[in-house]
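Structure assessment
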Amino acid sequence: VFFLKDMIVTSAMDREGDEEALEWATLGLNTLRDLVFERPSLRRACMNLSLACAMHTNQGLRAKAIKLVANTLYPVAYLQGDIEQFALKALRQLTTAREGSSKSLSTAEVSRHMELFFALCTKKHDLLHELLSMFARASQTQKQVMNQNVSSLAKRIPPTSPSVVGVVEAPPPGSEILLLLMLHSMAEEASALPKQLVRAIQRLYRKTGDARFLVPVFADLPKAEAVEILPKFVELPETARRTAIANAYKEGPEGRSAGNSLSASELFVRLHLIDEAKTGIPLKKLIECTTLCFKMSDIFTPKVLSMAIQQLVQYTPLPKLFMRTVIQTSKAAPQLKGFIVGLLGRLVEKRIWEDVRQWQGFLMCAKSMAPQSYPVLLQLPTPHLQAALQRMPDLKQPLTQFIQRDRSTAAQLPRTTLQALGLL
C-alpha cells in the first residue's frame, strides 16, 4: 500500500499536469480497486487511500479517484457506509473551517471538498436532501460552487426519481435557490417532466407562494392551469419569464402537447387579457411581457403574431395594449403589412374612433402604413376623417393626390369627404 501511495500521490504531486504521471496514477488506482475486492486484509487501507485521492489537490488525480470511488466502489453495499461518511465529513469540514477561521476558503478548496459528494448523489438520490440542507447553511463561496455544479448533477439524475419528488415536497428551509437551479436543469433536459413531479412542484408553489417554482413546470402545465397562473408569471423577473417561455416552446409554438398546452399565440393573447384592476398588475409590467415576446422572435414568429392579433381584434372592447401590439408587429414583421392594412379596415367597421386610446394608435399605424392605408382612411366617416387630418395634416395632400389619380375611388366617396379634402 505504501508503494502504491508513492506511485499515485507522490508522482501526481511532483509532476502535476504530466500525462505520464497521471498514467502511473491510473495504474495505481486500478490496483487499489483490485486489492479492495480481492484482499480483505488490505481493504481498509486501500479504501482510505482511494478516498484520500478523491480529495487530492491535484485535479487530474482527484477526478480519476472520484470516478473510481463513485462508479466502482460505491455501488458495493458493504462499502457504501464508509464512503458516504467520508464524503459527508468532507462537506462538514467546510462548515467547521468557516466557523473556526475569519478567512474564507477559495472556490478551488471548496470544490475539492464537495466533488465526491456530488458524484455520490448521482448514484444515491436520497443524498440530495443532505446536499440541500448543506446549501442552506453554507457560506457564499460554498453556495457559489454548489450553484455552478448542480446543473451537471441534475442532468445525471432522472426526474422520475422518487427522491427528487421527496425534496420538492419537503425542501430544507433556505435551499430554494439550489432546488430551483436543479429543477431548471431537469426541465431543460427532459422532453417533459413527469406528472408526479409537476404536481409536487405545483403543491410547493401553492404552499410557499413562490412564483419562481412555476418556471420549470410552465411548459408542462395544462392550458387552463397555465392561464390561471399567468398573473403570477407576469410578475417574475424577465430572465425567469424568458427561461419559462424558451423551455415551453423549444419544440415549436404549439407547446409540449399540442391542444393541451398553452400555445405561443394563446399565451400572447392571454397576456393582453390580464385585468389590471383585478390582478393589481401595473400596465408597465404587461408591456414588459409583450415586449419580451417580440424579442423572442424565433418563437413569436410573424405567423404566431398574426394568429394572436386575429383573436384579439374580436374582443369588444379591444384589449388596452391592442394597437400598441399592432404597431410593434408592423415594425417586427414588415411582411405582415398587407395583413395589418386589412386589420385597419376591420377596425373602421368596429368604429375604432369610439375608443380614444385605440383611435390614437389606429392613426399612428395608418400613417406608418401609407400609402397602402389610404383606402382605409377614406372609409372613415367624414367627421372622423377630418379629425384624423387635423392630427396628421401632412396626409391631406397625398390623400388628395391619391383620389385624383383614381377616379373610380372618387366616384364612390361621399360629397362631404370630397369637400373635406378640398376637391369640391
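See the structure shown above.
Residues numbered from 1 in each chain as written. Predicted model: local features only at pLDDT ≥ 70, side-chain atom pairs only at ≥ 80, totals over all residues. Heavy atoms only, no water.

Overview of the packing of aromatic side chains
When we look at a pair of aromatic rings, we describe it by the centre distance and by the angle of the planes. Counted only if it meets this: Centres within 6.5 Å make a pair out of two Phe, Tyr or Trp rings, where for Trp the six-membered ring is used; the pair is then stacked when the planes are under 30 degrees apart, edge-to-face when over 60, and tilted otherwise. The secondary structure listing takes helices from DSSP runs of H or I that are at least 4 residues long and strands from runs of E that are at least 2 residues long, numbered from the N terminus. Relative accessibility under 20% of the residue-type maximum defines a buried residue, over 50% an exposed one, and the middle range a partly exposed one, all with a 1.4 Å probe and only protein chains included.
Going through the model one piece at a time under the given rule, you end up with 5 aromatic pairs. Centre to centre, the rings of F268 and F294 are 5.7 Å apart; their planes meet at 85 degrees, and the pair counts as edge-to-face. Highlighted residues: F268 in helix α14 (residues 264–273) and F294 in helix α16 (residues 283–295), separated in sequence by 26 residues. One exposure class covers both F268 and F294, and it is buried. When the ring of Y374 is compared with that of F402, the centres are 5.8 Å apart and the planes differ by 65 degrees; the resulting orientation is edge-to-face. Linking Y374 in helix α21 (residues 374–377) with F402 in helix α23 (residues 396–405), this pair joins segments that are 28 residues apart in sequence.

What to know about unusual backbone geometry
T316 connects to P317 through a cis peptide bond whose omega is -5 degrees. Assignment of secondary structure puts P317 in the loop between α17 (302–312) and α18 (322–332). Going from A370 to P371, the amide bond is cis rather than trans, its omega being 5 degrees. One non-glycine residue, R351, adopts positive backbone phi at about 55 degrees. Note that R351 resides in the loop between α19 (337–349) and α20 (356–368). Take R351: its relative accessible area is 45%, and that puts it in the partly exposed class.

Details of the environment of L120
Test applied: The contact definition used throughout considers only heavy atoms, calling two residues in contact when any of these lie within 4.5 Å.
Mapped onto the secondary structure, L120 falls in helix α6 (residues 107–123). With near-sequence residues (within four places) excluded, L120 lies in contact with A70, Y74, I83, E84, A87 and L127.

Regarding the side chain of S330
Applied cut-off: Between N or O atoms, a polar contact is any pair within 3.5 Å; within protein, one atom must be a potential hydrogen donor and the other a potential acceptor, and residues adjacent in sequence are included only when both atoms are from side chains.
Assignment of secondary structure puts S330 in helix α18. Engagement of the side chain of S330 in a polar contact is seen with the backbone oxygen of I327, the distance being 2.5 Å. In contact with S330, not counting residues within four places along its chain, are I340 and M369.

Let's talk about the pattern of salt bridges
Threshold: By convention in these notes, a salt bridge is any Lys or Arg side-chain nitrogen within 4 Å of a carboxyl oxygen on Asp or Glu.
According to the stated counting rule, one finds 17 salt bridges in the structure shown. We note a salt bridge from D34 to R33, for which the minimum N-O separation is 3.1 Å. You can call D34 partly exposed: its relative accessible area is 32%. Of the residues examined, R33 reaches a relative accessible area of 27% and is grouped as partly exposed. Residue R351 is joined to E354 by a salt bridge in which the shortest nitrogen-to-oxygen separation is 2.6 Å. E354 sits in the exposed class, given a relative accessible area of 53%. One salt-bridge network, held together by shared partners, links R92, E130 and R137.

Quick notes on the packing of helix α3 (residues 43–53) against helix α4 (residues 59–73)
What counts, and what does not: Only the stretch in contact is used when a helix axis is fitted, and all axes are lines through C-alpha atoms; the angle between N-to-C directions ranges over 0 to 180 degrees. Between 65 and 115 degrees an angle is taken as roughly perpendicular, under 35 as roughly parallel, over 145 as roughly antiparallel, and anywhere else as oblique. Any residue that is not Ala, Val, Leu, Ile, Met, Phe, Trp, Tyr, Cys, Pro, Asp, Glu, Lys or Arg is counted as polar, Gly included; the first ten are nonpolar and the last four charged.
In contact at an axis separation of 7 Å, α3 and α4 are set at 130 degrees when each is read in the N-to-C sense. The orientation of α3 with respect to α4, classified from their angle, is oblique. Where α3 approaches α4, its residues M47, S50, L51 and C53 are matched on the opposing element by L61, R62, A65, L68, V69 and L73. Classifying every residue of the contact of α3 with α4 gives 8 nonpolar, 1 polar and 1 charged.

Observations regarding α19
Counted only if it meets this: Multiply 1.5 Å by the residue count of a helix minus one, and that product is the helix's expected span.
Between the first and last C-alpha of α19 there are 19 Å, a value that for 13 residues agrees with the 18 Å anticipated at 1.5 Å per step. Where α19 is buried, its residues contact α17, α18, α20 and α21. Just beyond α19, the residue with positive phi is R351, at close to 55 degrees.

Focus on the environment of F402
Under the relative-accessibility criterion, F402 is labelled buried at 17%. Setting aside chain neighbours within four positions, we find F402 in contact with Y374, P375, L378 and T409.

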